[in-house]
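The chain contents come next:
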Amino acid sequence: MSEPSKRPPDSQENRPSYTPASPVKRALAWMGVVYMVILVLLTTYNMATGEPLHGIPGILLFPACGGLAAVAFLRWRDVRKTPMLVLGILAALACLVNLVTGLVALAAALGGN
């Protein structure tokens, strides 16, 4: 019988190195999660009622504007250049406008006034 190796299992050499994702990657991943939730809800509504919702591009645009705002603010934090701050503010405003118009259109499409 062969003798098992005597190396400790928790030595530094055997551990894989872990590098967490950057904040930009995390912001874009959350944007993807929001898109997937929206697509699942829209598909479920379509399958349940037999017709798709109309007039809700704001609902589909607000995650992209929010992701752009998050990336712009994160880049501004690193480089401190004014165009990134302006882009972040404009994208955040576009996100807010798209969310409000999308929710109003969604309420109208679902029968609320």
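What this report covers is the structure whose coordinates are included nearby. (Residues numbered from 1 in each chain as written. Predicted model: local features only at pLDDT ≥ 70, side-chain atom pairs only at ≥ 80, totals over all residues. Heavy atoms only, no water.)

This part takes up the overall build of the protein chain. A tally of regular secondary structure across the protein chain gives three helices and zero strands. The secondary structure elements of the protein chain, listed N-terminal to C-terminal, are α-α-α. Expressed as a percentage of its 113 residues, the buried residues of the protein chain come to 19%. Considering only residue pairs separated by 6 or more positions, the protein chain has 64% of its internal contacts joining residues 24 or more positions apart. Accessible surface, the protein chain as shown: approximately 8,600 Å² in total, 68% of it carbon and sulfur. (Helix = DSSP H or I, 4+ residues; strand = E, 2+ residues; numbered from the N terminus. Buried < 20%, exposed > 50% of the residue type's maximum accessible area, 1.4 Å probe, protein only. Contact = heavy atoms within 4.5 Å. Areas by Shrake-Rupley, 256 points an atom, 1.4 Å probe, with all protein chains shown as cover.)

The first and last C-alpha atoms of helix H3 (residues 82–109) sit 40 Å apart over 28 residues, in line with the 40 Å expected at 1.5 Å per residue. Burial in H3 covers these residues: Gly88, Ala91, Cys95, Asn98, Gly102 and Ala105. On its buried face, H3 sits against helix H2 (57–79). One or two positions beyond H3, positive phi appears at Gly111, with a value near 105°. (Expected span 1.5 Å × (residues − 1).)

Honestly, that's just the spatial picture; any functional story needs more than this.
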